[in-house]
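# A structural walkthrough
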Amino acid sequence: MTSTQAPDPVLVALNRFGLGGRPGDYAAIAADPRGALLAELATPDVATIRDPALPTSAEAIQKVYERNKLERELKLKKPAAPAPMAAKPDAMAAKPAPPDRPAAPKLPQPQQEIFLAEVLARIHKALDAGPGFVERLVAFWSNHFAVATNKDLIDRATAGAFEREAIRPFVLGRFVDMLQAVERHPAMLTFLDNRVSIGPDSPAGLRQHRGLNENLARETMELHTLGVRSGYTQADVTNYAKIITGWTIVGPPGKMGEPGSFAFNRFAHEPGAETVLHKVYAQAGVGQGEAVLRDLAAHPATARHVAFKLARHFVADAPPPALVERLAKAYLESHGDLAVVSKALLAAPEAWSAPATKMRDPWEFVVAALRATKERPDKPQPVLGAMNLLGMPIWTPAGPNGFSDVSAAWDGPEAMKLRLDLAARFAFARKDHEDPRALLTDVLGPKVGEATRVAVARAASQPQGVALMLMSPEFQRR
Amino acid sequence: MLCETPSPSRRALMAGSGALFAWASIPKFARAATARDPRFVTIILRGALDGLSAVAPVGDPDYAGLHGELALRLDGDHPALPLDPFFALNPAMKSFHAMFKDGEAAVVHAAATNYRDRSHFDGQDVLESGQPAPNMTDSGWLNRAVGAMPAGERVARAGALGVGVSTPLVMRGPTATLGWAPENLPPVGDDLVHRVLDMYAHSDPALGGALAKGIQTDKMAAKDGMGKPKPGYDPVAAMRRSAEGAAKLLAADAGPRVAALAFDGWDTHIAEGGATGRLAQLLGGLDGALQAFKEKLGPAWADTTILAVTEFGRTVHINGTTGTDHGTGTVAFLAGGAVKGGRVIADWPGLKPNALYQNRDLAPTTDVRAVAKGLLAAQFGLSEATLAKTVFPETAGVKPMADLVRA
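Bear in mind the structure is a predicted one, so any value in this text is a computation, not a measurement. (Residues numbered from 1 in each chain as written. Chains lettered and ligands numbered in written order. Predicted model: local features only at pLDDT ≥ 70, side-chain atom pairs only at ≥ 80, totals over all residues. Heavy atoms only, no water.)

### A closer look at the overall build of chain A
Of the regular secondary structure elements, chain A holds 24 helices and 4 strands. Within chain A, buried positions represent 60% of all 478 residues. Across chain A, every contact between residues at least 6 apart in sequence was considered, and the portion connecting residues at least 24 apart equals 74%. For chain A, the accessible area works out to roughly 18,500 Å², and carbon and sulfur atoms hold 58% of it. (Helix = DSSP H or I, 4+ residues; strand = E, 2+ residues; numbered from the N terminus. Buried < 20%, exposed > 50% of the residue type's maximum accessible area, 1.4 Å probe, protein only. Contact = heavy atoms within 4.5 Å. Areas by Shrake-Rupley, 256 points an atom, 1.4 Å probe, with all protein chains shown as cover.)

If you want it as structure tokens, here you go:
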């Protein structure tokens, strides 16, 4: 907003830190907004999704293996059709394809069914959350350690499990534990190609004349931990890539364990000691890479990188340097305890005084719109479609750096026009017809700006009033 | 130095004469007197394009051995398309090849920005921001170039176009831009639009300005009968659709004269393919986009230059997974009726071990910023001083490349 005055602390709690108020939330936390966020952090298992129907990543990959086996069998029976470039990550993929060959047996698409179930579970978790600070932290870390569902059927099948298995258990735990879980997760090993990286001097490398792929090693340093331009070299990347050769996924025959689970394949592992950031790692086996990850997590550059990204996400595109410094200090002093760092963020005066200039990203906007209107979709497709349209397809960023976290990425002319299209279509399709003036006060509180209040009050119809509320600066910015 | 049909022997001949840069500035605002109405488009290829599999130095004796099974060949089932005795084009780019033969397309090889590390995101930031280092500004060089044109200029009046839901950084900045992306929602009623704009006018002019431009551009596109196909993730079709939409807007009398597009997906670490396969599919998408510009721009094609660039190249050796890792030197593509084409512009460094950058990458010998500067100078008459200060700050030593555009 163009105003530079201090924001309403209740909206700071609900919008800057949370996923937006449902009717009644504003009034419920008005007496102690910060206390409401701290109470959410203290809730046991607050980040866990309990849904026995959702498969583990290994189970999901086994289904992909079965599907691929069937596909190969079908191909043997008929001439090969040109393969599509990538799995379609949009909701349209759920629709049956037009029948091109009348007799062709239908190939099951378990990865798509699992993906849709995972997305729906994530939507419901976001709608049911308290203020939603923990779900915002989950989305933040999930985007920090981004995977993309259009890389491979395995990523489409496991992106949701990745978030449940490698992100959620640690959002209020230790960064190093999240890091260790992420870098060995099948979704990440697939997304950044480490699954097929082979030590050139390993038995497999010598026999197959195949070798290194440094993709995961580079992004672990650049994106996941130290941050770009923090002092590591090409040699550090190459050596760390050698260290994590053999970090892969158990194949369909299950020779190294449960099919689809993480495996350390010593036949693909580059033997010998390696130097990373001036330190020699002589361990044999998987412990060598785990030791590097422990040191990367404890590195001051990682603390600064994480602190900057958190402050930029929650407070301002150009966060106050003093705040970043304080968060980095909290990280280092607590040995990367993310609950401590999150509480330091809530304790920061800057977080409660900075004007609401940041745009809600499409996920925050879409979820907040559902929460404000008490809509609870029983299918994920409408939300998926909205997210695709707004340029933030769920778990499918264009690259391993995830979606942009600055307002300029989301407030351009086309983006604003599409937000208005969506807000209007959404508001006009609803069945409920509450008074938009009362809804506005329920959701955004009594201090909402005059222009917004007048626009909603003068709306030509109930849905138009709701659309105006959803498009108001107080709803768009946080 | 600049040579159009490099060969190892010619390279050896010219070695040591590093001062013989044939680049010069064209620093005058002369085009108001001409009938030309120039268009300029840049396409950012995000992910780092393997220049050696796009435009292959088939005449380099080391190429086939180093680039292994990804190397293009002049024989076999999918022969590369010869551009000159030394270079050949990926067979997926048949339209570009025809343009090249007609003198409407050119290639710049062994090119890079000044950025020398291998981070996509920093590399893209330098490429699009036009700043000497990453993360210095939130504005792009093309936005600042439009801002630097005199207020009465045709280009400055009509504004510039960022294609895509998220405006590419190269087009973001202080100068107002239009936005457009292919999509298929029913239009919102004018009444609601006016009410939202009125609300913003009183409380948030920034959102109001953005929304007004989005609505305006969409109406212009609708008037031209542009189809709104469903958004999908077929990258080849998406490239062509984006180009068709942008071309129609650029062709309109009152439309923008400058546009930026971004195509993702060039990060081919694994199973890259050569004459066929994943990279060839993407190159086919780029080829289709360039052909769409030619078809939909109509007569305006004759005044158009398109520059397709990427943040850096990829390793000369293939990696352990039949792909390539992040590298340095690569290609830039130029297309358009105004391009003085039919040439591969390269100061070829060779692929001998000691000629490679850090013993792994094609060494960059041409600064792609010189190419961009040369096109902006020739198309819009921007002065060398403006280009070196405002558009690409701190680049006085990078002279605009001369002679890229037909007189």
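### Description of the overall build of chain B
Secondary structure assignment for chain B yields 13 helices and 12 strands. Counting over 407 residues, chain B shows a buried share of 61%. Long-range contacts, defined as pairs at least 24 residues apart, comprise 74% of the intrachain contacts of chain B with a sequence gap of at least 6. Working note: accessible area of chain B is about 13,900 Å², and carbon and sulfur atoms make up 56% of it.

### Concerning unusual backbone geometry
The backbone of A:H278 sits at a positive phi, close to 70°, despite the residue not being glycine. Mapped onto the fold, A:H278 is located in the loop between β3 (274-276) and β4 (279-281). By relative accessible area, which is 81% here, A:H278 ends up exposed. For B:N135, which is not glycine, the phi dihedral falls at a positive 60°. Relative to the elements of secondary structure, B:N135 occurs in the loop between α5 (120-129) and α6 (141-147). Judged by its relative accessible area of 56%, B:N135 is exposed.

### Things to note about the sheet that holds strand β2 (residues 55-56) of chain B
All names here are of chain B. Spatial ordering of the open sheet is given by β2-β4-β3, a layout of 3 strands whose pairing is antiparallel. With one partner strand each, in any of the chains shown, β2 and β3 (81-82) form the two edges of the open sheet. Strand direction decides the pairing type here: β2 and strand β4 (residues 88-89), joined by 2 bridges, are antiparallel. Looking at the pairing, V55 lines up with L89 of β4. (Pairing = 2+ DSSP bridges.)

### Things to note about the nonpolar core
Ranked by internal contacts, the top residues of the largest apolar core, which has 150 residues, are A:F17, A:W141, A:F145 and A:W363. Sorting elements by how many residues they give to this core places helix α18 (residues 362-372) of chain A first, with 8 residues. Discounting residues that sit within four places of it in the chain, A:W363 has contacts with A:L19, A:R122, A:I123, A:A126, A:A139, A:M387, A:M392 and A:I394. Ranked by size, the runner-up nonpolar core spans 65 residues in total, among them B:A88, B:L250, B:A335 and B:W348. (Core = buried A, V, L, I, M, F, W, Y, C linked by side-chain atoms within 4.5 Å.)

### Description of the environment of A:E135
Tracing the chain through its elements places A:E135 in helix α6 (residues 133-144). Residues A:E135 and A:R168, 33 residues apart in the sequence, show an inter-C-alpha distance of 9.0 Å.

### A word on the packing of helix α7 (residues 153-167) of chain A against helix α8 (residues 175-183) of chain A
Helices that pack against each other are described as a pair by the angle of their axes relative to one another and the distance between those axes. All names here are of chain A. Between α7 and α8, whose axes approach to 9 Å, the crossing angle comes to 145°. Here the hand of the crossing between α7 and α8 comes out right-handed. Across the interface between the two elements, F162, A166 and I167 from α7 touch M178, A181 and V182 from α8. (Axes fitted to C-alpha atoms, helices over the stretch in contact; angles between N-to-C directions. Left-handed = near helix turned anticlockwise from the far one by under 90°.)

### Side note on the pairing of strand β8 (residues 258-263) of chain B
All names here are of chain B. The element β8 is largely enclosed, with a buried count of 5 among its 6 residues. Of the strand pairs in this sheet, strand β1 (residues 39-45) and β8 are connected by 6 bridges, and their pairing is parallel. The partner of F40 across the bridge, within β8, is V258. Sheet topology places strand β6 (residues 160-163) next to β8; 3 bridges connect them, and they run parallel. Opposite A160, over in β8, you have V258 as the bridge partner.

### A word on the confidence of the model for chain A
Scored by pLDDT, chain A comes out at a mean of 92, with 94% of its residues at no less than 70. Across residues 83-99 of chain A, where pLDDT falls below 50, the model places 36 contacts with residues more than four positions away in sequence or in other chains. (pLDDT = per-residue confidence, 0-100.)

### Details of the packing of aromatic side chains
All names here are of chain A. Counted according to the given criterion, the structure contains 19 aromatic pairs over all chains. Between F17 and W352, the ring centres sit 5.8 Å apart and the planes meet at 45°, which makes this aromatic pair tilted. With a gap of 335 residues between them, F17 in the loop between α1 (9-16) and α2 (25-29) and W352 in helix α17 (residues 349-353) connect regions that are remote in the sequence. When its relative accessible area of 13% is taken as the criterion, W352 is described as buried. (Phe/Tyr/Trp six-rings, centres within 6.5 Å; stacked < 30°, edge-to-face > 60°.)

### Overview of the interface of chain B and chain A
Chain B puts 60 residues into the contact, and the matching count from chain A is 63 residues. Together, the buried faces of chain B and chain A total about 5,000 Å²; carbon and sulfur atoms form 63% of this surface. Our count for the contact surface shared by chain B and chain A stands at 3 salt bridges. Residues A:E214 and B:R360 are paired through a salt bridge, measuring 3.3 Å at the closest nitrogen-oxygen approach. Where chain B touches chain A, the interface holds 13 residue pairs in polar contact (both at pLDDT 80 or more). (Buried area = accessible area lost by both parts, 1.4 Å probe. Salt bridge = Lys/Arg side-chain N within 4 Å of Asp/Glu carboxyl O. Polar contact = N/O pair within 3.5 Å; in protein donor to acceptor, adjacent residues only side chain to side chain.)

### Describing the pairing of β1(B)
Along any regular strand the residues' side chains alternate between the sheet's two faces. Most of β1(B) sits inside the fold, with 7 of its 7 residues counted as buried. Burial of β1(B) is two-sided: the residues B:R39, B:V41, B:I43 and B:L45 facing one way and the residues B:F40, B:T42 and B:I44 facing the other way are all buried.

### Regarding the environment of A:T190
All names here are of chain A. Summarising the element assignment, T190 is placed in helix α9 (residues 186-191). Take T190: its relative accessible area is 3%, and that puts it in the buried class. Taking the C-alpha atoms as reference, T190 lies 6.8 Å from D155; in sequence the two are 35 residues apart. Excluding its chain neighbours within four sequence positions, the residues that come into contact with T190 are K151, D152, I154, D155, R195 and I249. A polar contact of 3.4 Å, which involves the side chain of T190, links it to the side chain of R195.

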